[in-house]
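Coordinates in review
Here is what each chain is made of, one letter per residue.
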Amino acid sequence: MTAGDSLATVQRSMGDPSLVHPLWPPLTQGCPSTSTAELAYPVEVDYAYDQADPGLFAPAAAAARSTGIDRWAPLLPPLGTPGLGEGHTPLVPVADGVYVKDESRNPTWSHKDRLNRCTVAAAAGVGAPGVVVASSGNHGASAAAYAARAGLRCVVLAPAALPAAADAFLHAYGAVVLPVAQEARWPLMRQIVDRLGLHPVSNLTVTHTGHPFGPEGYKTIAYEIFAEIGVPAAVFVPTGYGECLFGVWKGFTELRRLGLSATVPRMFACEPAAGGPLAAAVRQGLPAARVTCGPTDAYSIACPVGSYRGVRAVRESGGGALLVTDRQMREAREELARQGIWAELSSAASLAGLRSLPEGNAYGGPVVCVSTSSGFKDRTAGAGATASGASGASEVSGVSEVIEPTWEEAYRRLRAAGLDG
């Protein structure tokens with residue numbers, strides 16, 4: 001499918017849904033009519049849903065599966081640049097009635113590929129020479145890959161203590177990497193946007209608005225889940241700014257709007273207990289909130305500011321905002337590993353959230369935990385036999401000691417591992 005297949009029509013204010021703005025240019029700083037100095041309301045993309053073909057959700061032919069999320073082009077923003085075969089990630093049963101949507105199978109090993117498939121296409125659509133992103137890891141790598149694929153430049157404002165592996169990952173795609181102090185990243189990004197005309201694919205506002213086209217890519221997670229098991233009773237999502245949470249929820253609401261389902265799942269945001277702006281907003285009845293983040297090794301979702309998108313998904317679905325500790329995430333990651341899934345610590349927040357609920361909490365159907373990225377993305381991966389994270393806990397990173405190649409030494413190690421015959 002081509003960019004012309006998109007049924008996208010306008011950008012609708014989430015602060016006041018009666019207000020609409022033209023589809024172009026993307027309003028990366030939110031709704032100009034409803035946002036204030038203290039609160040930025042996002043906009044979302046609206047579509048000519050009455051023109052959508054319900055056959056779009058019929059079982060796909062095998063050949064169509066190689067096109068990535070382009071399969072869903074009518075219900076996505078215009079996709080005028082080539083993709084990388086993102087999406088179509090496996091839905092893995094890990095326990096009775098519990099499935100894991102393993103987003104580490106995307107081209108750059110995270111869910112961010114669905115978002116950047118849409119945002120980089122937007123950059124090309126407005127004629128920008130490239131994109132700029134402030135990222136601690138997954139987002140930057142994904143933006144760099146999709147920019148390279150589209151023939152655009154990419155600037156990544158990274159943490160000052162950028163791990164060597166992450167630095168190499170970004171440079172492999174030809175990105176310009178600028179490690180700076182965290183508090184300097186957003187002001188510097190604004191200057192890059194204003195002075196060089198690069199298109200921002202991450203947030204610029206006081207409360208999170210982000211790129212309006214980005215969460216549309218996450219809707220395809222819902223479409224894929226629906227194609228396999230229908231509408232689950234609940235979906236648990238690792239949550240930082242709430243873009244993925246919102247996108248998955250919106251995808252299910254569209255399926256209901258098109259008459260393909262009668263319900264939407266309850267959406268559960270799973271945030272680090274060291275922060276949790278979405279949980280704070282829900283608890284206080286606010287559209288968005290700011291918090292002070294304490295130390296946590298779940299750096300991918302450690303956010304001091306939230307977004308109205310995530311709050312809306314939780315409230316309107318009847319779900320909840322869950323806070324999980326690093327210890328709970330480690331236990332959940334170990335459970336995933338026993339099922340053959342190596343997840344980044346932040347990605348295990350979804351299963352940790354599910355496991356934090358009281359036993360016997362019946363949902364009346366299957367539940368899905370979204371695992372957002374690979375264990376390769378953790379900062380301690382490959383750093384040594386053990387590493388002490390931000391929480392002070394010792395974390396095994398999987399580097400093994402070379403042994404003498406004798407049966408006696410091998411048997412000693414195997415017996416210690418419980419393989420003594």
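Residues numbered from 1 in each chain as written. Predicted model: local features only at pLDDT ≥ 70, side-chain atom pairs only at ≥ 80, totals over all residues. Heavy atoms only, no water.

Here is the rule: UniProt positions are given in the numbering used here, feature names are shortened, and annotations may be inferred rather than shown by experiment.
The protein chain is annotated in an unreviewed UniProt entry as Pyridoxal-phosphate dependent enzyme of Streptomyces nondiastaticus. Annotation of the protein chain in UniProt includes, under Cofactor (unreviewed entry), the sentence "pyridoxal 5'-phosphate".

1. Description of the sheet that holds strand β12 (residues 320-324)
Strand pairs in the sheet, formed through backbone hydrogen bonds, run parallel or antiparallel to each other. To keep it simple, the criterion reads: Note on pairing: DSSP must find at least two bridges between two strands before they are called paired. Comment: elements are numbered from the N terminus, with helices defined as DSSP H or I runs of at least four residues and strands as E runs of at least two. Helix axes use the C-alpha atoms of the stretch in contact, all axes being lines fitted to C-alpha atoms, and the angles between their N-to-C directions lie in the range 0 to 180 degrees. Residue contacts follow a heavy-atom distance rule, with two residues in contact if any of their heavy atoms lie within 4.5 Å.
On the basis of which strands lie adjacent, the open sheet formed by six strands has the order β4-β5-β13-β10-β11-β12 and mixed pairing. The open sheet has two edge strands, β4 (91-95) and β12, and neither has a second partner. Averaged over neighbouring strand pairs, the angle between their axes works out to 25° when direction is ignored. In this sheet, strand β13 (residues 367-371) lies alongside strand β5 (residues 98-102) in parallel orientation, the contact comprising five bridges. Within β13, the residue paired with D102 across the bridge is S371. Each of β10 (234-238) and β11 (266-272) is contacted by helix α6 (residues 243-257), which is oriented at about 175° to β11, the strand it contacts most.

2. Some remarks on the packing of α6 against helix α8 (residues 308-317)
To characterise two packed helices, one gives the angle between the axes of the helices and the distance between these axes. To keep it simple, the criterion reads: Roughly parallel covers angles under 35 degrees, roughly antiparallel covers those over 145, roughly perpendicular covers 65 to 115, and oblique covers all other angles. For any helix crossing, the convention is left-handed if the near helix is rotated counterclockwise from the far helix by under a right angle, and right-handed if that rotation is clockwise. Note on residue classes: Ala, Val, Leu, Ile, Met, Phe, Trp, Tyr, Cys and Pro are nonpolar, Asp, Glu, Lys and Arg are charged, and everything else, Gly too, is polar.
In the contact formed by α6 and α8, the axes pass within 8 Å of each other and the chain directions differ by 45°. Classified by the angle their axes make, α6 and α8 are oblique. As α6 runs across α8, the sense of the crossing is left-handed. In contact with E243, L245, F246 and W249 of α6, α8 contributes R309, G310, R312, A313, V314, E316 and S317. A class-by-class count of the residues in the contact of α6 with α8 yields five nonpolar, two polar and four charged.

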